[in-house]
Amino acid sequence: MYTLYNFAIYLYYLGVVVLSFFNKKVRMMWRGERQSFRVVREKLDPNADYIWFHAASLGEFEQGRPLMERIRKEYPQYKILLTFFSPSGYEVRKNYSGADIICYLPLDTPTNALRFLRTIRPCMAFFIKYEFWWNYLHILRHRNVPVYSVSSIFREEQIFFRWYGKRYSKVLKCFTRILVQNEESKKLLSTIDITDVDVIGDTRFDRVLQIRDESKQLPLIDVFCKDKKIFVAGSSWQPDEDIFIPFFNEHREWKMIIAPHVIDEAHLKQIESKLKMKSVRYTKATVEEATSAECLIIDCFGILSSAYRYGDVAYVGGGFGVGIHNVLEAAVWRMPVIFGPNNQRFQEARGLLSADGGNEITDGRTFDEVMSRYMSDEEYLKTAGENAGRFVDTCTGATEKVMRLISDVL
């Protein structure tokens, strides 16, 4: 298995090198990985003890962030190393003040893993959700470094539970503890003799509470909303917009905020071309224009989580593509959340449905039915919003569970 894994890693590396000539994101990742050792050398404090957090991308970083910040606050004698696999994580958080060293993770070859760990010599490591790098994990285990997989979730279709993945599943034994989101994951791991498992939930719930508490009042949106009910569409894609825009073109009782996932001129113009109402862009609107507009388009990054605070109903995009985006950032504001059908792999969305705080729609007709009821039945709207908020509240506390578990080690 070891030889086959490393062969696959080298093939992957070759593919990255070739693709880097044609793809900007891949090129950024390849260059970033090559610079990692220089970054570590320049910033390393040789007298410090480092706790290592690894996140594949931005979403995993947000899951690990509450834990990282708790450790930094309660155990300031340790320094934090934060690594990313993807540019979509590193490029956004490379200046994050909560870590002492931030870099890409060098590709998991035996040489890279040994060199990287000899340099850092972490005293503890956390791999967030789906990260299972064979060489790094085996070296950490050999050195008796406590290693935790945090907010992990496992499904039958993963390689560990296939007949051809039985040998690779041994990588899971490198973890000191695997801290999973649900009982189903724990039961599934027991079928392959992985028993050092605790159900702690998902640290993302703790993170959205932080985000809510840190949210900003946005004066322009204040004047836009006035006394109207507000529909907020977050991280929307074209298939999402093709569903909710026609509805609000015909129903002007509510105002609409659209924060598209892709913010470029072509997409913004596409949205504007579909609207039959007066719309303004957030970064270009005057107070007078915002007051009279019926639709506000968020044409910048970084304010969606604060914009949700103004909503009465939220729509979270991605459910007609690769999968829905973060429904918790909306639900934490105690409003119902609507999303598309590709939500089966998203436990938080399934939980919202079970709690009657969310609605799955499959097309324009089902959206019209759901939204029409929210607009016509005030009590139904209020109850669904309370259900959404209560669901988030009852699922918090994963960070505290992890802190209790590692307190004897730190």
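Residues numbered from 1 in each chain as written. Predicted model: local features only at pLDDT ≥ 70, side-chain atom pairs only at ≥ 80, totals over all residues. Heavy atoms only, no water.

With that out of the way, let us pick up the overall build of the chain. Counting secondary structure elements, the chain contains 18 helices and 14 strands. Its C-alpha atoms give the chain a radius of gyration of 23 Å, within 12% of the compact-globule value 22 Å for 410 residues. For the C-alpha atoms alone, the extent of the chain along its principal axes is close to 65 × 45 × 40 Å. Taking all 410 residues of the chain together, 54% fall into the buried category. Put simply, of all contacts in the chain between residues at least 6 apart along the chain, 65% involve residues at least 24 apart. Averaging the coordinates of the 55 positive side-chain charges in the chain and doing the same for the 52 negative ones gives two points 7 Å apart. (Helix = DSSP H or I, 4+ residues; strand = E, 2+ residues; numbered from the N terminus. Rg over C-alpha atoms; globule rule 2.2 N^0.38 Å. Buried < 20%, exposed > 50% of the residue type's maximum accessible area, 1.4 Å probe, protein only. Contact = heavy atoms within 4.5 Å. Lys, Arg positive; Asp, Glu negative; His and termini not counted. Charge placed at Lys NZ, Arg CZ, Asp CG, Glu CD.)

The subject of this paragraph is the nonpolar core. In this structure, Trp52, Phe53, Ile71, Phe116, Phe126, Phe154 and Leu172 are the most contacted members of the largest nonpolar core, which totals 77 residues. Tallying contributions element by element places helix H2 (residues 24-43) first for this core, with six residues. Filtering out sequence-adjacent residues up to four positions away, Leu172 remains in contact with Phe132, Phe154, Phe160, Ile178, Leu189, Ile192 and Ile194. In this structure, Val316, Val332, Ala349 and Val392 belong to the second largest nonpolar core, which totals 41 residues. (Core = buried A, V, L, I, M, F, W, Y, C linked by side-chain atoms within 4.5 Å.)

The next subject is the pattern of salt bridges. The tally for this structure, following the rule as stated, stands at 27 salt bridges. A salt bridge links Arg65 to Glu69; its shortest N-O distance comes to 2.7 Å. Pair noted here: Arg65 and Glu69 are both in helix H3 (residues 58-74), with a separation of four residues, about one helical turn. Overall, Arg65 belongs to the buried group, its relative accessible area being 12%. Overall, the relative accessible area of 23% leaves Glu69 in the partly exposed class. Measuring nitrogen to oxygen at the nearest pair gives 2.6 Å for the salt bridge that ties Asp242 to Lys274. Here Asp242, found in helix H10 (residues 238-250), pairs with Lys274, found in helix H11 (residues 265-274); they are 32 residues apart in sequence, far enough to count as distant. Given the relative accessible area of 39%, Asp242 is considered partly exposed. (Salt bridge = Lys/Arg side-chain N within 4 Å of Asp/Glu carboxyl O.)

Time to look at the packing of helix H16 (residues 364-376) against helix H17 (residues 378-394). Helix-helix packing is described using two parameters, namely the angle between the two axes and the distance between the axes. Where H16 contacts H17, the axes come no closer than 5 Å and their chain directions differ by 105 degrees. Comparing the axis directions of H16 and H17 gives the class roughly perpendicular. On H17, the residues that touch Arg373, Tyr374 and Ser376 of H16 are Glu378, Tyr380, Leu381 and Ala384. Grouping the amino acids of the contact of H16 with H17 by side-chain chemistry returns four nonpolar, one polar and two charged. (Axes fitted to C-alpha atoms, helices over the stretch in contact; angles between N-to-C directions. Parallel < 35°, antiparallel > 145°, perpendicular 65-115°, else oblique. Nonpolar A, V, L, I, M, F, W, Y, C, P; charged D, E, K, R; others polar.)

To continue, consider H16. The end-to-end C-alpha separation of H16 is 18 Å, in line with the 18 Å expected for 13 residues at 1.5 Å each. Among the residues of H16, those classed as buried are Thr366, Phe367, Val370, Met371 and Tyr374. All buried residues of H16 project into a common sector of 120 degrees when viewed along the axis, lining one side. In H16, the exposed residues that point more than 90 degrees away from the buried face are Arg365 and Ser376. Looking at the buried side of H16, the elements it contacts are strand S8 (230-236), H10, strand S12 (313-316), strand S13 (337-339), strand S14 (358-360) and H17. The N-cap residue of H16 is Asp363: its side-chain oxygen and the backbone nitrogen of Arg365 are 3.2 Å apart. (Expected span 1.5 Å × (residues − 1). Arc of directions from axis to C-beta. Polar contact = N/O pair within 3.5 Å; in protein donor to acceptor, adjacent residues only side chain to side chain.)

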